[in-house]
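# Observations on the three-dimensional arrangement
Residues per chain are reported as follows:
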Amino acid sequence: MLVLPLASAALIGAAAGAAEALAVTRTDRVVPLPGLPSALADLRIAHVSDLHLGAPGVNASAGRRAVGLVQQAEPDLVAITGDLLSHPRGVDVLYEVLDGLSAPLGVFAVLGNHDLGDARDPFARAGAIPDLAPVGVELLRDRSSVVVRDGASIAVSGIDPHRPSVVADGLPFGWPSVAADLHVVLAHYPDVFGGAPDDARGIVLAGHLHGGQICVPWPSGRVRLSQLGEGYEDGVYQRGALVLHVSRGVGTTLVPFRLFARPEVTIIRLVCA
């Protein structure tokens, strides 16, 4: 007697989860940054993460919606923090999505664990790392690129997705060190923030956690069923002169649903602290 109600509830839940996975939203955040030069005040960075293209579900449609939201915002710089692909079949859509992004100071990306085949998702498979230069995206793998706005320099550094357990004990390759007025560090794992030296400054952008992806409402907040026990979940964190922003990301993995963890692109406006 319970089979029909349970099946109906499962179908309703799946439909709601798929609808939320498609409902990419734009989140606007004003982030005070210690030591930000006045020439870089109001710099706007679009933060995109975890497209997971090639995975089953609505990720391709969500990625296209994300591009539209970013371009409507007209940011100064676009940062993509990894897990571009979950399967090689998503490469063509990846090129389409990235080709739709542009910004005066450039579009930059780093890889995620799925891009390198380090995933427990049975639907995921790694392929060759795609060349992003033809679609105007600079892929940063443990290196930096410097751009200039109104005479002030911005070092955009990308960190490859080294395992979090290694990062937690300090970055084996050293923290990015470039002479610049502002440091923007792109990493897939938020744990990188904990591996930064005490005198690090600037902003770290990360993803990976999907905001929990499937969350259960609880009197004290939400229970995040993905990545339990993580120290940095989503939003803004600060340690000294260094700020971290963790994105809920655009796509899904393992299951093609989200619940109380709506996908997002974030438009970060930096202001002087």
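Being a predicted model, the structure only gives us computed values, none of them experimental. (Residues numbered from 1 in each chain as written. Predicted model: local features only at pLDDT ≥ 70, side-chain atom pairs only at ≥ 80, totals over all residues. Heavy atoms only, no water.)

## Some remarks on the sheet that holds strand 5 (residues 137–139)
The 6 strands are arranged 1-14-2-3-4-5 in an open sheet whose pairing can be described as mixed. Pairing within the sheet leaves two strands with one partner each, and these edge strands are strand 1 (25–33) and strand 5. The mean angle between the axes of side-by-side strands here comes to 25°, regardless of whether they run parallel or antiparallel. (Pairing = 2+ DSSP bridges. Helix = DSSP H or I, 4+ residues; strand = E, 2+ residues; numbered from the N terminus. Axes fitted to C-alpha atoms, helices over the stretch in contact; angles between N-to-C directions.)

## Comments concerning the side chain of T27
Its place among the elements puts T27 in strand 1. Side-chain polar atoms of T27 contact the side chain of E264, separated by 2.8 Å. With sequence-adjacent residues up to four places away left out, T27 is seen in contact with R248, E264, V265, T266 and I267. (Polar contact = N/O pair within 3.5 Å; in protein donor to acceptor, adjacent residues only side chain to side chain. Contact = heavy atoms within 4.5 Å.)

## Quick word on the packing of helix 2 (residues 59–73) against helix 3 (residues 91–99)
Where helix 2 meets helix 3, the axes come as close as 9 Å, and the angle between the chain directions of the two elements is 10°. The orientation of helix 2 with respect to helix 3, classified from their angle, is roughly parallel. Every pair of crossing elements has a handedness; the one defined by helix 2 and helix 3 is right-handed. When helix 2 is examined against helix 3, the residues A60, G63, R64 and V67 are found in contact with a partner set consisting of V93, E96 and V97. In terms of residue class, the contact of helix 2 with helix 3 is built from 4 nonpolar, 1 polar and 2 charged. (Parallel < 35°, antiparallel > 145°, perpendicular 65-115°, else oblique. Left-handed = near helix turned anticlockwise from the far one by under 90°. Nonpolar A, V, L, I, M, F, W, Y, C, P; charged D, E, K, R; others polar.)

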